[in-house]
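Breakdown of the fold
Listed below are the residues making up each chain.
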Amino acid sequence: MPTKRRVLPSLFSGLSIKLIATISAVILLVEVVVYLPSLASYRANWLDDRLRVGVVGARVLDAVPDVMALPRNLTDRLLTSAGAYAIVYRREGQSQLIELADPVTPEEVVTADMRNRDMPTLILGAFDTLFAAPGRTLRIVGPGDLDQTMVELLMPERPLREDLVRYSVQIVLVSLVLAILTALALYLLASVLLIQPVRRLTQNMLAFRRAPENASLIITPSQRRDEIGIAERELAAMETDIFSLLRQRRHLADLGLAVAKINHDLRNTLTSAQLLSDQVATLDDPNVQRLAPRLVTTLDRAIGFAQSVLDYGRETAVPPELAPVLLRGLVEEAAFDARLSGHPAIAFTNAVPGGLVLNIDAVQMGRVLLNLLKNAREALESAGAKVTDPKVTVTVEQTPLGVTIAVADNGPGLPPRARDNLFVAFEGSARSGGTGLGLAIARELTQAHGGRLSFVDPPVGTQFDLFLPASLLLKT
Ligand SMILES: Nc1ncnc2c1ncn2[C@@H]1O[C@H](COP(=O)(O)OP(=O)(O)OP(=O)(O)O)[C@@H](O)[C@H]1O
Ligand SMILES: [Mg+2]
């Protein structure tokens, strides 16, 4: 097993810290959204309060027949208790001004018109006050207590600004405390519901991956019905599968080794028997002469079988060693080994262009071609006279994706039994004496090259397409 050590993410790079940060950020964002209107209405209330004091003052003075006759310090006290420099009360086109005995000449006057109370204006007004230069004078304008009356108050802006700053600081502090408390509560909840179970899952995966043959490491799923529960159960099932597959694979490998050993000895014993049978065949006895050829073919077949099983184990186990190979020559050699070139009855055509060079394992690809060509010859030979002008052709087609080598014959076509188990080792054979390994080996070797071996069902005969990717093409 590959054991690249992986560790669990630390607390601060893991899920938890991301969760806390996201929750806090979202809460702060929400607080900002809430803060704007609440600041605006705090200021509006503040101004309304001042206006109300102004209205009361103005009403009181209105009841007095002659304001000028009032003692100055009384009006001054009234104004100071409202925090104002001056109050103007307007009614039916007349206005009455009450101001300090020592009138203040304001430098910069800013108007807050409380008859206009839409939210954007209030918010802008609040920000204007908050970030204003000190020393401004505020002119608060608002409706009076009766119809057609209006009150105006002139006062310094500073107290309002100070109150707004105090209020903002309070809001920021409360927001922070809220954000931290909520994030903490949510984190604890998420930690119990999510992070801890996910950590348990990841920890188990890491441990199991290091020792998949240890069944005690298979996770015990909890009874949860949510996604985590499903993940746990699926992981448990997957780990159980991996565990048993591994065990099976080891047993199969052991068995394969045993079979290979037995097979090897069997082949040697059979070879000795073959030598004996060859000698027996030379005896003059007519009975022996009749039986000996059958004995010889049976032994040949048995040895062939043992040999192909040995080859199957050996050949498909090594990865291909790529080197430049002239394809035309490789096909020529394979046809020779398949006893197709110079065949008395079958016409063989090698239509591969002479300059085509592929980067392949010559032994393995030669083996693939040999299997395909041998199958074609065997099919044509067994069909005998049923096929007129038997022929086998190898052609090549090049596309931007790669090279397709087509091995085609005009024989009887694939028998149904072979079709059902095509490319399945030991299962695909539909001829007597066949091992059913040829096509299985051919496909495995092709796949190891990144290619594909597929059966094409032409109207006449059989065709196998051997596709190799363009990356293996060196020269066309
Ligand atoms: N060109 C072909 N024409 C007709 N039948 C074919 C052709 N190629 C393969 N077959 C059928 O497919 C079966 C499987 O072929 P495969 O090469 O895998 O096994 P085999 O030839 O029986 O045995 P082995 O190649 O291992 O000696 C063959 O038994 C044969 O019936
Ligand atoms: Mg074969």
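No experiment lies behind these values; they were computed from the predicted model shown.

The next subject is the overall build of the protein. Along the protein, the regular secondary structure elements total 10 helices and 13 strands. Against the 2.2 N^0.38 benchmark of 23 Å for 476 residues, the protein shows a C-alpha radius of gyration of 49 Å, more extended than a compact globule. Dimensions of the protein, computed from the C-alpha atoms along their principal axes, are close to 165 × 55 × 35 Å. Considering only contacts within the protein whose residues lie at least 6 apart along the sequence, 68% involve residues at least 24 apart. Element-wise, carbon and sulfur atoms account for 61% of the exposed surface of the protein, whose accessible area totals about 28,000 Å². With 48 positive and 50 negative side-chain charges, the protein shows a spacing of 5 Å between the two charge centroids.

The next point concerns the domain arrangement of the protein. According to the domain assignment, the protein consists of domain 1 (15-180), domain 2 (227-313) and domain 3 (320-475). The centre of domain 1, based on its C-alpha atoms, is set 100 Å off from the matching centre of domain 2.

With respect to spatial proximity, 22 residues lie near ligand 1, and among them Asn375, Asp409, Ser429, Ala430 and Leu437 are the closest. Ser429 has a polar side-chain atom sitting 2.7 Å from an oxygen atom of ligand 1. One of the backbone nitrogen or oxygen atoms of Thr435 is found 3.1 Å away from an oxygen atom of ligand 1. Of all the cavities here, the one that holds ligand 1 is the largest pocket. Contributions of two or more residues to the shell around ligand 1 are made by α8 (362-383), α10 (438-448) and β12 (462-469). Considering every element that reaches the shell around ligand 1, the biggest residue donor is α8, with 5 residues. Of the residues contributing to the shell around ligand 1, the split by class is 9 nonpolar, 9 polar and 4 charged.

What follows covers α8. Taking 1.5 Å of rise per residue, 22 residues should cover 32 Å, and α8 covers 31 Å from first to last C-alpha, within 8% of that figure. Between the side-chain oxygen of the N-cap and the backbone nitrogen of Val363 there are 3.0 Å, and the N-cap of α8 in question is Asp361. Downstream of α8 by a residue or two, Gly384 has a phi angle that is positive, lying close to 60°.

If you trace the 3 strands from one edge of the open sheet to the other, you get β6-β8-β13, paired in antiparallel fashion. Lying at the two open borders of the sheet, with one neighbouring strand each, are β6 (323-326) and β13 (473-475). Within this sheet the neighbouring strands show an average axis-to-axis angle of 40°, counted without direction. Sheet analysis places β6 next to strand β8 (residues 357-360), joined by 4 bridges and oriented antiparallel. Directly across from Pro324, in β8, lies its bridge partner Asn359. Of the strands in this sheet, β6 and β8 are in contact with helix α7 (residues 327-337), which crosses β6 at around 70°.

Let us look at a nonpolar patch on the surface. A cluster of nonpolar side chains, contributed by Leu186, Leu189, Val192, Leu193 and Leu194, occupies part of the molecular surface with about 460 Å² of accessible area. Mapped onto the elements, Leu189 comes out in helix α4 (residues 158-210).

Looking now at the sheet that holds strand β1 (residues 86-91). With respect to topology, 5 strands assemble into an open sheet ordered β2-β1-β5-β4-β3, the strand pairing being mixed. The open sheet has two edge strands, β2 (94-99) and β3 (109-113), and neither has a second partner. Strand after strand, the sheet turns through a mean of 15° between neighbouring axes, direction not considered. Note: β3 against strand β4 (residues 137-143), 5 bridges, orientation parallel. By the bridge assignment for β4, Val109 is matched with Thr137.

Turning next to the side chain of Thr462. Within the secondary structure layout, Thr462 lies in strand β12. You can call Thr462 buried: its relative accessible area is 8%. When residues no more than four places from it in sequence are discounted, the contact partners of Thr462 are Val407, Ala408, Asp409, Gly413, Leu414 and Phe455.

For the coordinates displayed, the defined rule picks out 14 salt bridges. Close ionic contact of Arg52 with Asp49 constitutes a salt bridge, the shortest N to O distance being 3.1 Å. Here Arg52 and its partner Asp49 are both found in helix α1 (residues 15-63), 3 residues apart, which amounts to about one turn of the helix. For Asp49, a relative accessible area of 37% puts it in the partly exposed group. A network of salt bridges, in which partner residues are shared, links Arg90, Arg139 and Glu152.

Positive phi values are uncommon outside glycine, yet Arg339 reaches one of about 55°. Among the residues examined, Arg339 registers a relative accessible area of 57% and is labelled exposed. Its identity is not glycine, yet Phe423 carries a phi of approximately 70°, on the positive side. Tracing the backbone through its elements, the reader meets Phe423 in the loop between α9 (416-420) and α10.

Relative to each other, helix α3 (residues 119-130) and α4 sit at 105°, their axes nearing to 9 Å. As the angle between them shows, α3 and α4 are arranged roughly perpendicular. Contact with α3, carried on its side by Ala126, Thr129 and Leu130, involves Leu160, Arg161, Leu164, Val165 and Ser168 of α4 and no other residues of that element. For the contact of α3 with α4, the per-class residue count stands at 5 nonpolar, 2 polar and 1 charged.

With that settled, the discussion passes to the packing of α8 against α10. Taken N-terminus to C-terminus, the directions of α8 and α10 make an angle of 145°; their axes are 9 Å apart at the nearest point. You can see that α8 and α10 cross each other, and the crossing is left-handed. Across the interface between the two elements, Gln364, Met365, Arg367, Val368, Asn371, Leu372 and Asn375 from α8 touch Gly438, Leu439, Ile441, Ala442, Leu445 and Thr446 from α10. In the contact of α8 with α10, the residues fall into 7 nonpolar, 5 polar and 1 charged.

The rules behind these values
Residues numbered from 1 in each chain as written. Chains lettered and ligands numbered in written order. Predicted model: local features only at pLDDT ≥ 70, side-chain atom pairs only at ≥ 80, totals over all residues. Heavy atoms only, no water. Helix = DSSP H or I, 4+ residues; strand = E, 2+ residues; numbered from the N terminus. Rg over C-alpha atoms; globule rule 2.2 N^0.38 Å. Contact = heavy atoms within 4.5 Å. Areas by Shrake-Rupley, 256 points an atom, 1.4 Å probe, with all protein chains shown as cover. Lys, Arg positive; Asp, Glu negative; His and termini not counted. Charge placed at Lys NZ, Arg CZ, Asp CG, Glu CD. Domains from an automatic or database assignment. Near = heavy atom within 4 Å. Polar contact = N/O pair within 3.5 Å; in protein donor to acceptor, adjacent residues only side chain to side chain. 1 Å grid on protein atoms, 1.4 Å probe; cavity = no way out; pocket = protein on both sides within 12 Å on 5 of 7 lines; lining within 4 Å. Sits in = over half its atoms within 2 Å of the grid points. Nonpolar A, V, L, I, M, F, W, Y, C, P; charged D, E, K, R; others polar. Expected span 1.5 Å × (residues − 1). Pairing = 2+ DSSP bridges. Axes fitted to C-alpha atoms, helices over the stretch in contact; angles between N-to-C directions. Patch = residues over 30% accessible without salt bridge, like charges linked within 9 Å, V, L, I, M, F, W, Y side chains within 5 Å. Salt bridge = Lys/Arg side-chain N within 4 Å of Asp/Glu carboxyl O. Buried < 20%, exposed > 50% of the residue type's maximum accessible area, 1.4 Å probe, protein only. Parallel < 35°, antiparallel > 145°, perpendicular 65-115°, else oblique. Left-handed = near helix turned anticlockwise from the far one by under 90°.

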